[in-house]
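Next come the chains, spelled out residue by residue.
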Amino acid sequence: MKNEMQTDKNAIYFGTESNEAIQEFLEKNYKQSKKIILTDDKVFGIWIENFITSIPALNDAEIIQIPEGEASKCMEIVVQVIETLSDYKISRADLLINFGGGMVSDIGGFIAAIYKRGIDFINIPTTLLSQVDASIGGKTGIDLGPLKNQIGVFTNAQKVFINSGYLSTLPHEAMLSGYAEMLKHGLIYSKRHWEELKKFNCTKTEGALPFIKDSVEIKQEIVRLDPLEQNIRKSLNFGHTIGHAIEGFLLVNEQPIQHGIAIAWGMYAEAFIAYKSNLLTKSEWEEISYIITDIYPPLNLDSSQQATLIKLMENDKKNKNGKIQFTLINTIGKGIIEQVVPRELILEALDEILN
Ligand SMILES: NC(=O)c1ccc[n+]([C@@H]2O[C@H](COP(=O)([O-])OP(=O)(O)OC[C@H]3O[C@@H](n4cnc5c(N)ncnc54)[C@H](O)[C@@H]3O)[C@@H](O)[C@H]2O)c1
Ligand SMILES: O=C(O)C(=O)C[C@@H](O)[C@H](O)[C@H](O)COP(=O)(O)O
Ligand SMILES: [Zn+2]
């Protein structure tokens, strides 16, 4: 099947009847193919029965379960899954179905890209974060210890099926995590989205779909302009220079936090840098910092970790000429890329979020 970019409107299904849409899609495009579902043990426990019994095309599908959580986004699990695909004699004509959150679509997309030099895959994102961000845009990969997404490829799913019904079983922390990436889309690209999101209710999933659609449209537009992150796509990394360092550090110290919660605090610190660099006004900084402090649980980190966090940032993918390069914002709704920040200001920003 032709690899449609996820910037093509038809490449993403939105709705609450995704099982019917998936059945139709599989019958039309993958009737003769073997189907393998990759999922994590938590999503398996909650949703797999409903999923496979409502989609006749999946009657004979093989299911591969990996342990839930970011620690599974690693090379050891890649090798285990690839060994299982080989045991099942999966060929290039077959289809991998990533059914889960961003951990599953990141590792699953990566495996699909490298197994036998590439097989087709589709994403069925079951978290808010993966619906608004991780399942679209073609970034896939795994972590290398504390270094987030250090190994990976750009590769697009054949189709993404977004069904907000899955959010009904999502823990509140995971809703907050996805909301952070939505706020990011507003901060870097659309003041209107930022304002609308003030009406989004993280405790109630009914009514979420229009907000999800708006957020996805922003990401799609940016990815369409710059699919391989040479330029404007770097704006999607707002909050991630500091946020990824926090997430990676806590992951290897066995206190993992949700990606979006690390990114929320990363955005807080990076908005502080933008304010101190005269890019944001005082009232914009106060608005952003108020919202993040109000919603997100504080980090369990202290200033003794500053140097380690900076070391992790020195491996950020956006760096150039040995310098840490930030994406900042120069007003609410506009990202500004490739900003080099004095070390003292990075330390000051870390002080704002560490206890
Ligand atoms: N590729 C990209 O563009 C991109 C963008 C953003 C984030 N990411 C990556 O995505 C990952 C984070 O994704 P995530 O937040 O979805 O995390 P996740 O996949 O780890 O899911 C979070 C938790 O929710 C559980 N879960 C999933 N669906 C559920 C449901 N419907 N009901 C109940 N529980 C459910 C999972 O088992 C897990 O425990 C990170 O690795 C991050 O780096 C990638
Ligand atoms: O799609 C993008 O581009 C992003 O940067 C989206 C981010 O939210 C996401 O966390 C992504 O995985 C980060 O990529 P990385 O290149 O910083 O590892
Ligand atoms: Zn992210």
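Values in this document were obtained by computation on a predicted structure and should not be read as measured data.

(A) Spotlight on the overall build of the protein chain. A tally of helices and strands in the protein chain yields 13 helices and 10 strands. Relative to a compact globule of 355 residues, whose C-alpha radius of gyration would be 20 Å, the protein chain shows 20 Å and is just as compact. Sorting the 355 residues of the protein chain into buried and exposed places 58% on the buried side. Computed over 35 positive and 46 negative side-chain charges, the inter-centroid distance for the protein chain is 7 Å.

(B) Spatial organisation of the sheet that holds strand β4 (residues 95–100). Read across the open sheet, the 6 strands follow the order β1-β8-β5-β4-β2-β3; overall the sheet is parallel. Strands with a single pairing partner mark the edges of an open sheet, and in this sheet they are β1 (12–14) and β3 (62–66). Direction aside, the axes of adjacent strands within the sheet are offset by 20° on average. Of the strand pairs in this sheet, β1 and strand β8 (residues 159–162) are connected by 3 bridges, and their pairing is parallel.

(C) Quick look at the pattern of salt bridges. Counting across every chain of the model gives 21 salt bridges. One continuous salt-bridge network, built from bridges that share partners, spans Glu70, Lys73, Asp106, Asp143, Lys148 and Glu247.

(D) Examining the UniProt feature "domain: 3-dehydroquinate synthase N-terminal" (unreviewed entry) in the protein chain more closely. Feature annotation in UniProt places "domain: 3-dehydroquinate synthase N-terminal" (unreviewed entry) on residues 64–175, given in this structure's numbering. Helix makes up 33% of residues 64–175 and strand 29%, with an end-to-end C-alpha separation of 25 Å.

(E) Focus on unusual backbone geometry. Backbone geometry places Arg117, a non-glycine residue, at a positive phi of 65°. Phi is positive for Asn278, close to 60°, though the residue is something other than glycine. Relative to the helices and strands, Asn278 is located in the loop between α10 (259–276) and α11 (282–295). Judged by its relative accessible area of 72%, Asn278 is exposed.

(F) Spatial organisation of helix α1 (residues 18–29). With 12 residues, α1 extends 16 Å between its outermost C-alpha atoms, agreeing within 8% with the 16 Å of an ideal straight helix rising 1.5 Å per residue. Those residues of α1 that sit buried are Ser18, Asn19, Ala21, Ile22, Gln23, Phe25 and Leu26. For α1, the elements touching its buried residues are β1, β2 (35–40), α2 (41–54), β4, β5 (120–125) and β8.

(G) Representation of the coordination of the zinc ion (ligand 3) in the model. Protein-derived coordination of the zinc ion (ligand 3) comes from Glu181 (OE), His240 (NE2) and His259 (NE2), at a distance range of 1.9 to 2.1 Å. Expressed as a motif, the donor residue spacing for the zinc ion (ligand 3) is E-x58-H-x18-H. With Glu181 in helix α6 (residues 172–189) and His259 in helix α10, this residue pair connects regions lying 78 residues apart in the sequence. Taking the relative accessible area as the measure of exposure, Glu181 reaches 1% and is therefore buried. Judged by relative accessible area, which is 17%, His259 ranks as buried.

(H) Quick peek at the packing of aromatic side chains. Within this structure, the stated rule accounts for 12 aromatic pairs. Between Phe51 and Phe99, the aromatic rings sit 4.0 Å apart at their centres with planes inclined by 10°, giving stacked as the arrangement. Here the residue Phe51 occupies a position in helix α2, and Phe99 occupies one in strand β4, the gap between them amounting to 48 residues. The pair Phe51 / Phe99 is uniform in exposure class, with both members buried.

(I) Seen up close, the pairing of β5. With 6 of 6 residues buried, β5 is to be regarded as a mostly interior element. Of the two faces of β5, the one holding Asp120, Ile122 and Ile124 and the one holding Phe121, Asn123 and Pro125 are both buried throughout. Where β5 and β8 come together, 2 bridges link them in parallel fashion. Each bridged residue has a counterpart across the sheet, and for Asn123 the counterpart in β8 is Val160.

(J) A look at the domain arrangement of the protein chain. Domain annotation for the protein chain reports domain 1 (4–170) and domain 2 (173–352). Inter-centroid distance (C-alpha atoms) of domain 1 to domain 2 is 26 Å. Contact residues are listed per partner, giving 30 residues for domain 1 and 36 residues for domain 2. When the two sides are added together, the surface that domain 1 and domain 2 hide from each other amounts to roughly 2900 Å², 71% of it contributed by carbon and sulfur. Taken as a group, Leu128, Val132 and Lys148 account for 20% of the area that domain 1 buries against domain 2, more than any other trio of residues on that side. In this structure, the salt-bridge partner of Lys148 is Glu247, at a minimum N-O distance of 3.0 Å. Where domain 1 touches domain 2, the interface holds 8 residue pairs in polar contact (both at pLDDT 80 or more). Elements supplying a minimum of two residues to the side of domain 1 that touches domain 2: β1, α5 (128–134), β6 (139–144) and β7 (147–154). Classifying every residue of the side of domain 1 that touches domain 2 gives 14 nonpolar, 10 polar and 6 charged.

Here is what the cut-offs are and how they apply
- Residues numbered from 1 in each chain as written.
- Chains lettered and ligands numbered in written order.
- Predicted model: local features only at pLDDT ≥ 70, side-chain atom pairs only at ≥ 80, totals over all residues.
- Heavy atoms only, no water.
- Helix = DSSP H or I, 4+ residues; strand = E, 2+ residues; numbered from the N terminus.
- Rg over C-alpha atoms; globule rule 2.2 N^0.38 Å.
- Buried < 20%, exposed > 50% of the residue type's maximum accessible area, 1.4 Å probe, protein only.
- Lys, Arg positive; Asp, Glu negative; His and termini not counted.
- Charge placed at Lys NZ, Arg CZ, Asp CG, Glu CD.
- Pairing = 2+ DSSP bridges.
- Axes fitted to C-alpha atoms, helices over the stretch in contact; angles between N-to-C directions.
- Salt bridge = Lys/Arg side-chain N within 4 Å of Asp/Glu carboxyl O.
- UniProt positions renumbered as here; feature names shortened; annotations may be inferred.
- Expected span 1.5 Å × (residues − 1).
- Contact = heavy atoms within 4.5 Å.
- Donors = N, O, S within 2.8 Å, 3.2 Å for Na, K, Ca; no water.
- Phe/Tyr/Trp six-rings, centres within 6.5 Å; stacked < 30°, edge-to-face > 60°.
- Domains from an automatic or database assignment.
- Buried area = accessible area lost by both parts, 1.4 Å probe.
- Polar contact = N/O pair within 3.5 Å; in protein donor to acceptor, adjacent residues only side chain to side chain.
- Nonpolar A, V, L, I, M, F, W, Y, C, P; charged D, E, K, R; others polar.

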